[in-house]
Amino acid sequence: MNSFDNAAFREQFPILKIKVNQQPLVYFDNGATTQKPQCVIDKYQMFYSQENANVHRASHTLSALATHSFEQTRKQVKNFIQASSIKEIIWTKGTTESINIIAQSWGRDNLKAGDEIVLTQCEHHANIVPWQIVAKQTGAIIKVLPLTADGFIDQLVINEMITEKTKVVCCAHISNVLGRINPIEKIIARAKQVNAISVIDGAQAIAHQPINVKELGCDFYVFSAHKMYGPTGVGILYGREELLNRMSPYQGGGEMIKTVSFAQTTFNDLPFKFEAGTPNIAGVVAFSAAISFLQDWSSDIENYEQKLLEYCLAKLTTISQIKMIVEGEPDIPLISFVIDDHHNHDIATSLNVYGIAIRSGHHCAMPLMAYLKLTGCLRISLSAYNTFEEIDYFIECLDKIINQEDSLPQLTENNNQLSDDIVSLFSKAKGWDGKHREIMMLGKNLNRLNKDRRNEKSLISGCESLAWLVFDKNNDGVYRFTADSDAKVIRGLLVIVLAAFNDKIAKEIHAFDIERYFEQLGLIQHLSPSRGNGVHAIVQRVRQIAR
Ligand code: PLP
């Protein structure tokens, strides 16, 4: 029997009561960041209204209060992940910064030409790029553990790939795309056998699994507070004390020193040696409420999340066009898939119209996408505040969107829209729902560019999905642009932008008030910043051409 009281849990999160596009919010993007319970919001506010001062620096009451709360949270984290000492808990601004500290601080001192850094095929960019940077600095070489067809690290090659040459092995505890628990115990054990250090990226695991770093025996374990109901801007770097003691500081500045003279500086003890400057004190203090919150609920959450996962998987299989990106079930409620003949961005923006937040794109895992021969995918990542009813609603909307997209009318001619036509079209469209439908319709009816014209030269950089722009200029200096994208929503936006610029000379293109045009359409405020930036990238490219 599941004793989890979803309604009571859900009640803790004020944001879940808001509406998005006039619809109740359905938040399925918890892998990116979780929502925050009232206790975390209250603690944040309490700190700024009652305790705010800098930590470790002053002898006044507020500073003592702030330092106490700040250090209490460090103790809480130590207990939460079963570390040996608070000296092993370093505050950072997130998983990414934690990994960069290890790569630069440990890596630069310990790697040399020919040494091997072993990563896995399913790493987040945060656990790839810092290692590439240090590899370049030291001459070390990166090797990649492959995956099996069902998205597991291929255990048969662990011993073969992690050898005496290996100095560090870096692995996600759970992949942010595949939702798989990786065999980190085996990887850590093999790393130990060859005297390599192990770095475990716990960003996705921390909200779903109890973590015991001593039992795991890893050298480093890193995670972010914001993925476990805590605030953004707070990260944790757990490192074995003995290793941290041998490492040089990553950044210099206040608080990380014992003494400073122009001749020589001596560094502070752990953990402060790695905490230069004023940290995110309010964030750390509020994080303490998130840890307590998670501990209070954790025994019931896992079982409930498993049920959500099974329910959601079963429902998704009722839609025949859906293809999971790997075989088999994920281990946490995080499901990645693609939909035959539908672009990921089209689906995600359409779901947004119904108030449903899901993620589309490469998920900061471009090497994994390339390995799976995908340009991107859709990801839903659930939390214990999600409900079975939300899954039903999501499936119902998804089904509707797939069929609706298929049934958008096919017009015969769509490439000669004028900006006035577009403004008039949009003024009749009701709400974002109506405008979005118009964009999708324009996109569906835009003639595709010939494949040979979709090339590196015509590619618009800065767009979220692939988009291409080509042009002709006649003897009178009049421009005619033609564009294309692999996503309907971007093609629709291209039609809108080009309606403003086509059949104009350079002077007119530069004189056109595009911001006012977007305002008239009521467009930009509804686009995510990245999609908004994409639209601006198209405008910029047109203006560049007409320079
Ligand atoms: N590693 C994994 C597996 C992640 O899922 C993420 C974020 O999604 C990160 C690292 C980076 O975390 P942050 O952006 O909090 O630094």
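For the rest of this paragraph, the subject is helix α7 (residues 184-193). Every buried residue belonging to α7 is among I184, I187, I188, R190 and A191, and all of these are buried. Take α7 and look down its axis: the buried residues cluster within an arc of 165 degrees, on one side only. Residues of α7 that are exposed and point more than 90 degrees away from the buried face comprise E185 and Q193. The elements touched by buried residues of α7 are β6 (141-145), α6 (158-161), β7 (166-172), β8 (197-201) and α8 (213-216). Phi turns positive one or two residues past the end of α7, at N195, with a value near 60 degrees.

Between helix α11 (residues 344-353) and helix α15 (residues 431-445), the shortest axis-to-axis distance is 9 Å and the interhelical angle comes to 160 degrees. The orientation of α11 relative to α15 falls into the category roughly antiparallel. As α11 packs across α15, the resulting crossing turns out to be left-handed. Between α11 and α15, the residues in contact are D346, T349, S350, N352 and V353 and W432, D433, H436 and M440, respectively. Of the residues assigned to the contact of α11 with α15, the class counts are three nonpolar, four polar and two charged.

This paragraph deals with the nonpolar core. Counting residues in each nonpolar core, the largest one holds 107 residues, and the members touching the most others are F9, I81, Y221, F287, L316, F394 and L398. Among the elements that line this core, the one with the most residues is helix α10 (residues 281-316), at 19 residues. Beyond its immediate chain neighbours, meaning those up to four positions away, F9 contacts F4, Y229, F293, W297, I301, S383, A384 and Y385. Listed in part, the 42 residues of the second largest apolar core include I422, L498, F518 and L521.

This part is about the site of the ligand. In the vicinity of the ligand, the contacting residues are G94, T95, T96, H124, A126, N176, D201, A203, Q204, S224, H226 and K227. H226 is positioned with one of its side-chain polar atoms (N or O) 2.7 Å from an oxygen atom of the ligand. Between an oxygen atom of the ligand and a side-chain N or O atom of K227, the distance comes to 2.5 Å. Contact with the protein chains hides 86% of the accessible area of the ligand, taken as 390 Å² for the molecule alone. Partitioned by chemical class, the residues of the shell around the ligand number two nonpolar, eight polar and two charged.

Looking now at the side chain of H343. Within the secondary structure, H343 is located in the loop between β14 (334-339) and α11. For H343, a relative accessible area of 17% translates into the label buried. Among the polar contacts made by the side chain of H343, one reaches the main-chain amide nitrogen of H345 at a distance of 3.0 Å. The contact partners of H343, leaving out residues within four places of it in the chain, are S465, D486 and A487.

Definitions and limits used
Residues numbered from 1 in each chain as written. Predicted model: local features only at pLDDT ≥ 70, side-chain atom pairs only at ≥ 80, totals over all residues. Heavy atoms only, no water. Buried < 20%, exposed > 50% of the residue type's maximum accessible area, 1.4 Å probe, protein only. Helix = DSSP H or I, 4+ residues; strand = E, 2+ residues; numbered from the N terminus. Arc of directions from axis to C-beta. Contact = heavy atoms within 4.5 Å. Axes fitted to C-alpha atoms, helices over the stretch in contact; angles between N-to-C directions. Parallel < 35°, antiparallel > 145°, perpendicular 65-115°, else oblique. Left-handed = near helix turned anticlockwise from the far one by under 90°. Nonpolar A, V, L, I, M, F, W, Y, C, P; charged D, E, K, R; others polar. Core = buried A, V, L, I, M, F, W, Y, C linked by side-chain atoms within 4.5 Å. Near = heavy atom within 4 Å. Polar contact = N/O pair within 3.5 Å; in protein donor to acceptor, adjacent residues only side chain to side chain. Areas by Shrake-Rupley, 256 points an atom, 1.4 Å probe, with all protein chains shown as cover.

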